[in-house]
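# Fold and geometry: a report
Chain by chain, the residues:
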Amino acid sequence: MDLHLDGKTAVVTGASRGIGLAITSALVDAGAHVVAGARSRTAQLEELESRGQVTFVSVDLATADGPIALVAAAEQRGGIDILVNNAGAVTPRPGGFVSVTDEDWDASWSLGVMATVRATRAAIPAMVRAGSGSIVTIGSVNAFYPDPGIPDYCAVKAAVTNITKALSKELGPKGIRANSISPGPVMTDLWVGRGGVAEVVGRASGVSPQEVADSAVAGTATGRFTTSDEVADLVVFLASDRAANITGSDVRIDGGFITTV
Ligand SMILES: NC(=O)c1ccc[n+]([C@@H]2O[C@H](COP(=O)([O-])OP(=O)(O)OC[C@H]3O[C@@H](n4cnc5c(N)ncnc54)[C@H](OP(=O)(O)O)[C@@H]3O)[C@@H](O)[C@H]2O)c1
């Protein structure tokens, strides 16, 4: 299937590893140039850069200026066809709701919500001028599956999913689509890396990280984690004009983690 992404410019936030790196790589494979934002430049991104397919921008997306600088770098290339709001982080809260401080909430909100708000706000004028554009935001099943172990993460994911729907209504008549994706557990550092969910929850509950990871997908239909590449394929499809009449949708990719309709 030709996705017609040759020569398009995409901005991907949180592109240095995990899902964002897979999205970057998949967009490049489909012919797009990716303006890739993260705090650190990884070897995999360097490799794509050396082939001229990626422009890396070192930014802290939790700051007011970071998302603006990233989008500006894409505009310097002549425009923005695709924006993928992917950057995110989760901090397990084994101490429960009362242990989550104002500073914790602020940090979660700054990266989880405001990075998406700021990048999207900065990208919209160029998309409106072009009369086209596609915005894909990575939410989570936790947007509608609240988990008391990560209350701030659930709240920010609910917020970005909600914002995406509102945006789709405003921007649809201008030729711009906005969709979100809600993954279940995905095999990345966020879950299984050093300091990831499996390690932190395992330490707090006295079980191994592997047991935590196994139990996260034990009741699902496929019985396994989603891969970053599987999420990336969905992003690329939604970003492309093959999905021209899909907007305001939240697409779940969770191997049946959510058991209700
Ligand atoms: N993994 C899952 O199970 C899962 C499930 C549902 C949804 N999601 C969502 O998918 C997205 C990607 O998650 P992931 O699993 O790929 O996580 P990850 O492996 O931890 O990667 C996170 C990415 O975000 C970047 N990032 C984090 N803080 C940043 C900051 N302040 N400024 C700039 N970049 C920052 C990181 O780059 P640097 O550290 O280099 O800055 C990295 O590239 C997140 O929104 C997450 O909530 C993940």
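Here the residue numbers are simple positions, counted from 1 along each chain's written sequence. Per-residue local features of the predicted model are confined to residues with pLDDT of at least 70, and side-chain atom pairs are confined, for both listing and counting, to 80 or more; whole-chain, interface and lining totals are unaffected and use all residues.

Time to look at the packing of helix H1 (residues 18-29) against helix H9 (residues 228-239). Look at H1 against H9: their axes get within 8 Å of each other, and the N-to-C directions meet at 50 degrees. When the axis of H1 is compared with that of H9, the two are oblique. Regarding H1 and H9, the two cross each other, and that crossing is right-handed. Two secondary-structure elements touch here, H1 through Gly18, Ile19, Ala22, Ile23, Ala26 and Leu27 and H9 through Ser228, Asp229, Val231, Ala232, Asp233, Val235 and Val236. In this count, Pro and Cys sit with the nonpolar residues alongside Ala, Val, Leu, Ile, Met, Phe, Trp and Tyr, while Asp, Glu, Lys and Arg are called charged and the others, Gly among them, polar. Taken together, the residues of the contact of H1 with H9 break down into 9 nonpolar, 2 polar and 2 charged. Throughout, an axis means a line fitted to C-alpha atoms (over the contacting stretch in the case of helices), and angles, computed between N-to-C directions, take values from 0 to 180 degrees. Runs of E in the DSSP output that reach at least two residues are strands. Runs of H or I that reach at least four are helices, and both are numbered from the N terminus. For this classification, under 35 degrees means roughly parallel, over 145 means roughly antiparallel, 65 to 115 means roughly perpendicular, and everything else is oblique. Each crossing is labelled by how the near helix is turned from the far one, with a counterclockwise turn of less than a right angle marking it left-handed and a clockwise turn marking it right-handed. Contact definition: two residues whose C-beta atoms, as placed from backbone geometry, lie within 7 Å.

We now examine unusual backbone geometry. Phi at His4 is positive, roughly 55 degrees, even though this residue is not glycine. Along the polypeptide, His4 turns up in the segment before strand E1 (9-13).

Turning to the site of the ligand, a few remarks are in order. The criterion for a residue being near a molecule or strand is a backbone-placed C-beta atom within 6 Å of that molecule or strand. Residues in close proximity to the ligand total 29 residues, the closest being Gly14, Gly18, Arg39, Gly88 and Thr188. Secondary structure elements with two or more residues in the shell around the ligand: H1 and helix H6 (189-192). Per-class residue counts for the shell around the ligand are 16 nonpolar, 9 polar and 4 charged.

Another point: the sheet that holds strand E4 (residues 82-85). Whether two strands pair comes down to DSSP finding at least two bridges between them. The 7 strands are arranged E3-E2-E1-E4-E5-E6-E7 in an open sheet whose pairing can be described as parallel. A strand with exactly one partner marks an edge of an open sheet, and here the two such strands are strand E3 (54-58) and strand E7 (250-253). When the angles between neighbouring strand axes are averaged without regard to direction, this sheet yields 15 degrees. In the packing of H1 onto the sheet, contacts are made with E1, strand E2 (33-38), E3, E4 and strand E5 (133-138), and the angle to E1 comes to roughly 170 degrees. Contacts from helix H3 (residues 66-75) reach E1, E2 and E3 within the one sheet, and its direction differs from that of E1 by about 165 degrees.

On to the domain arrangement of the chain, then. Domain boundaries shown here were taken from an automatic or database domain assignment. Domain parsing of the chain yields domain 1 (9-184 + 226-250) and domain 2 (189-225). Between the C-alpha centres of domain 1 and domain 2 the distance comes to 24 Å. At the junction of the two partners, domain 1 supplies 9 residues and domain 2 supplies 8 residues. When grouped by side-chain class, the residues that make up the side of domain 1 that touches domain 2 number 4 nonpolar, 4 polar and 1 charged.

Bringing H3 into the picture now. Counts of 20 or more other C-beta atoms within 10 Å of a residue's own C-beta define buried residues, counts of 12 or fewer define exposed ones, and intermediate counts define partly exposed ones; C-beta atoms are placed from the backbone. The set of residues buried in H3 consists of Gly66, Pro67, Leu70, Val71 and Ala74. The arc enclosing the buried residues of H3, seen along the axis, measures out at 130 degrees, which places them on a common side. In the core, the buried residues of H3 are packed alongside E1, E2, E3 and helix H4 (102-130). What the arc describes is the spread of directions from the helix axis to the C-beta atoms.

Counting buried positions along E2 gives 6 out of 6 residues, so the element sits mostly inside the fold. Residue alternation in E2 divides its side chains into two sets, His33, Val35 and Gly37 and Val34, Ala36 and Ala38, and both sets are buried. Where E1 and E2 come together, 5 bridges link them in parallel fashion. Looking at E2, one finds that Thr9 is bridged to His33. Crossover handedness is defined here as right-handed if the route from the first strand over the helix to the second strand goes clockwise, with the strands pointing away from the viewer. A crossover links E1 with its parallel partner E2, the connecting element being H1, and its sense is right-handed. Sheet topology places E2 next to E3; 5 bridges connect them, and they run parallel. Within the sheet, the bridge partner assigned to Ala36 lies in E3 and is Phe56. Between E2 and its parallel partner E3, the chain crosses via helix H2 (residues 43-50), and the hand of that crossover is right-handed.

What follows concerns the pairing of E1. Regular strands place their side chains on alternate faces of the sheet. Burial runs high along E1: 5 of the 5 residues are buried. Burial along E1 is two-sided: the residues Thr9, Val11 and Thr13 and Ala10 and Val12 are all buried. Looking at chain direction, E1 and E4 are connected through 3 bridges and run parallel. Counted as the bridge partner of Ala10 is Ile82 from E4.

Packing of H4 against helix H5 (residues 151-171) brings their axes to within 9 Å, and their N-to-C directions diverge by 20 degrees. Classed by the angle they form, the pair H4 and H5 counts as roughly parallel. Relative to H5, the crossing made by H4 is right-handed. Only Asp152, Tyr153, Val156, Ala159, Val160, Ile163 and Leu167 of H5 make contact with H4, whose side of the interface consists of Asp104, Trp105, Ser108, Trp109, Gly112, Val113, Thr116, Val117 and Thr120.

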